[in-house]
Every structure is written in C-alpha cells, then in structure tokens.
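Given next are the chains, with one letter for each unit.
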Amino acid sequence: MKTTVLMLFVLCAGMCMAQAVLPNQPQIIELPDHPQHAEPHAMASEHPLVGGGPETYTWAHGERPLWEFGPVSVEPSLGDVARAYRKEKMTGKKAEIIFEKQGS
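Quick caveat: nothing in here was measured; it's all calculated off a predicted structure. (Residues numbered from 1 in each chain as written. Predicted model: local features only at pLDDT ≥ 70, side-chain atom pairs only at ≥ 80, totals over all residues. Heavy atoms only, no water.)

### Re the overall build of the chain
- Along its length, the chain carries 2 helices and 0 strands.
- Split into buried and exposed, the 104 residues of the chain put 0% on the buried side.
- Split by element, the accessible area of the chain, about 12200 Å² in all, is 63% carbon and sulfur. (Helix = DSSP H or I, 4+ residues; strand = E, 2+ residues; numbered from the N terminus. Buried < 20%, exposed > 50% of the residue type's maximum accessible area, 1.4 Å probe, protein only. Areas by Shrake-Rupley, 256 points an atom, 1.4 Å probe, with all protein chains shown as cover.)

Encoded structure:
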C-alpha cells in the first residue's frame, strides 16, 4: 500500500514538473504552400509497358475451349462439412478411463 501511494506521488510530481518545464505559448503549425497548380498541357507519347516498338501490336480472335482451363472443382457446402464433422466425432475413439475426482 505504501509503495502504491509513493509511486502515485512520484507520478503526479513528474507530471507537474513536465507542465512547468514546457512553454505555455501556442505553437502555430504552418503547412507548406504549393503555388503551382495543374494546368492543361500536351500528353506524352505512348510507350509499351512490356517492351517492343510502337508498331508492335498483337490481337487474337476466338474462344478457348473449357477443357483447356482444367477441371472445375466443386467445394462441399458448409452443411455437408458440418454433418461429416459430427459423424466423425460420433464414431471417434472415446476415453476408456473416466476419473471422477481430479486433484486433491
């Protein structure tokens, strides 16, 4: 109890000293000024992102068959997962020895 009161006293004394040391004049925050504003101008010329010259342009036409994308996996529903978990829990191995009193 004495140590708690002593620690509280030291904490309060430290807070009072911090208030006395800090200047009480307000500090005005000045945000930087940007006098230049956006103006309309000519756009830059095109350049490809993946390399090649400006005349390199390819395109394709057609559709790919579904078998090229691989098998479609169907996720089981949440209800089916819950039923399987419950069935696994019911058929799982149970404890053979049950202690009525544990500890002394």
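### Observations concerning the pattern of salt bridges
- With the rule as written, the count across this model stands at 2 salt bridges.
- E68 is the salt-bridge partner of R64, the closest N and O atoms lying 2.9 Å from each other.
- Accessibility expressed as a relative area gives 37% for E68, which makes it partly exposed.
- Linking R83 and D80 is a salt bridge whose minimum nitrogen-to-oxygen distance equals 2.7 Å. (Salt bridge = Lys/Arg side-chain N within 4 Å of Asp/Glu carboxyl O.)

### Remarks on the packing of aromatic side chains
- Tallying each qualifying case throughout the model produces 0 aromatic pairs.
- Over the ring of F69 we find R64; its NZ or CZ atom is 4.6 Å from the centre of that ring. (Phe/Tyr/Trp six-rings, centres within 6.5 Å; stacked < 30°, edge-to-face > 60°. Lys NZ or Arg CZ within 6 Å of the ring centre and 35° of its normal.)

From the geometry alone we can't say anything about function, so treat these as descriptive.
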